[in-house]
Amino acid sequence: MSDLFLDLKNKVQQANPIIVFPEGTDERILEAASRLASEKVLQPILVGNVSEVEGLAGKLGHDLSGVQILDPKEYEGFDELVAAFVERRKGKATEEQARKALLDGNYFGTMLVFTGKAHGLVSGAAHSTADTVRPALQIIKTKEGVKKTSGAFIMVKGDEKYVFADCAINISPSSQDLAESAVVSAHTARVFGIDPKVALLSFSTKGSANSPETEKVVEATKLLADMNPDFPFDGELQFDAAFVPSVAQKKAPDSLIKGEANVFLFPSLEAGNIGYKMVQRLGGYEAIGPILQGLNMPVNDLSRGCNAEDVYKLALITAMQAL
Ligand SMILES: CC(C)(COP(=O)(O)OP(=O)(O)OC[C@H]1O[C@@H](n2cnc3c(N)ncnc32)[C@H](O)[C@@H]1OP(=O)(O)O)[C@@H](O)C(=O)NCCC(=O)NCCS
Ligand SMILES: CC(=O)OP(=O)(O)O
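For clarity, every value in this text was computed on a predicted model and none was experimentally measured.

Conventions used here
- Residues numbered from 1 in each chain as written.
- Chains lettered and ligands numbered in written order.
- Predicted model: local features only at pLDDT ≥ 70, side-chain atom pairs only at ≥ 80, totals over all residues.
- Heavy atoms only, no water.
- Near = heavy atom within 4 Å.
- Polar contact = N/O pair within 3.5 Å; in protein donor to acceptor, adjacent residues only side chain to side chain.
- Areas by Shrake-Rupley, 256 points an atom, 1.4 Å probe, with all protein chains shown as cover.
- Core = buried A, V, L, I, M, F, W, Y, C linked by side-chain atoms within 4.5 Å.
- Buried < 20%, exposed > 50% of the residue type's maximum accessible area, 1.4 Å probe, protein only.
- Helix = DSSP H or I, 4+ residues; strand = E, 2+ residues; numbered from the N terminus.
- Contact = heavy atoms within 4.5 Å.
- Axes fitted to C-alpha atoms, helices over the stretch in contact; angles between N-to-C directions.
- Parallel < 35°, antiparallel > 145°, perpendicular 65-115°, else oblique.
- Left-handed = near helix turned anticlockwise from the far one by under 90°.
- Nonpolar A, V, L, I, M, F, W, Y, C, P; charged D, E, K, R; others polar.
- Salt bridge = Lys/Arg side-chain N within 4 Å of Asp/Glu carboxyl O.
- Pairing = 2+ DSSP bridges.

(A) Structural context of the site of ligand 2. What surrounds ligand 2 is the set Thr129, Phe153, Asn273, Tyr276, Lys277, Pro290, Ser303 and Arg304. Between an oxygen atom of ligand 2 and a side-chain N or O atom of Ser303, the distance comes to 2.7 Å. Arg304 places a side-chain nitrogen or oxygen 2.7 Å from an oxygen atom of ligand 2. Coverage of ligand 2 by the protein amounts to 88% of the 260 Å² it exposes when considered alone.

(B) Representation of the nonpolar core in the model. Ranked by size, the top nonpolar core spans 57 residues in total, and within it Phe21 and Leu46 carry the most contacts. Counting residues per element, this core draws most heavily on helix α13 (residues 308–322), which supplies eight residues. In this structure Leu46 touches Phe21, Gly24, Ile29, Leu30, Ala33, Val53, Leu64, Val67, Gln68, Ile69 and Leu70, once residues within four positions along its chain are discounted. Counting 30 residues, the second-largest nonpolar core is a separate cluster that includes Ile18, Leu81, Ala93 and Ile169.

(C) Representation of the packing of helix α1 (residues 3–15) against α13 in the model. Contact pair α1 / α13: the axes reach a minimum separation of 9 Å and the direction vectors enclose 50°. It follows that α1 is oblique to α13 by the angle criterion. When the axes of α1 and α13 are compared, the crossing they make is left-handed. Here Phe5, Leu8, Lys9 and Val12 of α1 come into contact with α13, specifically with Tyr312, Lys313, Leu316, Ile317, Ala319 and Met320. Split by residue class, the contact of α1 with α13 holds eight nonpolar, no polar and two charged.

(D) A look at the pattern of salt bridges. In this structure the tally under the stated criterion is 17 salt bridges. When salt bridges that share partners are traced, they join Lys9, Arg35, Glu39, Glu286, Glu309 and Lys313 into one network.

(E) A look at the sheet that holds strand β7 (residues 198–201). Strand order across the open sheet formed by six strands is β8-β7-β9-β6-β5-β10, with mixed pairing between neighbours. On the outer flanks of this sheet lie β8 (233–237) and β10 (286–293), each paired with one strand and no other. Taken over all neighbouring pairs, the strand axes of this sheet differ in orientation by 20° on average, direction set aside. Looking at chain direction, strand β5 (residues 150–157) and strand β6 (residues 160–165) are connected through five bridges and run antiparallel. Of the residues in β6, the one forming a bridge with Ile154 is Val163. Of the strands in this sheet, β5, β6 and β10 are in contact with helix α12 (residues 269–281), which crosses β5 at around 15°.

Note that all results are geometric; they support no functional claim without further evidence.
This is the structure:
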């Protein structure tokens, strides 16, 4: 495991937080939860039918000592969660709707986090991003000053670390969304020991093309400048002008980041989601995330293409966000 994650593990281990995994019968989740508990890194809660979860763990040879299993149908605090859900949704859910929703692992797990019974949640190995994050958007909500959450990936290969955003949430971000996302992504970079140099990406560099799509990124760069952030940034830049110093010199000689960007803001979810998967699958980078940025409490999504190691690492990140 890289220094980044060994460091995270040491930090998290001291606090030993409770992390809920709504997909208790997913093999990758079981493997990661068993490992996290046996290494005493954190206290996992698996959501699911107890005999089903235990049966599968037994079959796969995973020890569940130190792992709690909660079945929403049998949970003794269920009525309390229903009342808290109805209260939080303020007229948007009846008691009957709340009872139905809370039988779903993602809603149940999110309410455990919201009510302080767990410190964070990791899901999405077997659910789409929409189904994983919707409960968090409705219940946990964004922090003061953050209008929209966005999904960042930490892309890691050896000592190289980059932040890619938004690869998961906002399908067609506005220029304001992009500027705000740049600020929270720079914050995410710092959490992972990256000194942020932010590029707002486009298919155009400094006016080499002109269209509503390029204008959106130009406008986002201006809005970001108005926010007076404490990190270097530039846009609109093509990826090569953002990442390769010799190309930056040709295409954007006055660029503040000089082809040394390490935080990349994609102009649309199409670009971000396709881009991260290409770098992961063709470039051989580990892609850890998506880390949901700007929420009040840590809830993180997995790609359905994840493996147990990805679950383990995203759980470490989630636990660290909870410290
Ligand atoms: C994220 C997503 C699921 C939200 O869509 P949705 O469920 O239709 O959202 P709605 O517009 O119904 O809003 C539901 C709630 O979430 C909130 N919300 C929606 N998007 C949000 C965002 N980006 N940040 C914060 N809150 C958000 C809304 O304000 C609303 O809150 P309310 O019910 O308290 O009023 C949707 O944008 C989506 O599907 N994105 C793409 C996900 C994806 O497939 N990614 C690729 C794989 S990673
Ligand atoms: C993040 C992501 O793309 O998730 P999935 O692969 O599950 O759609």
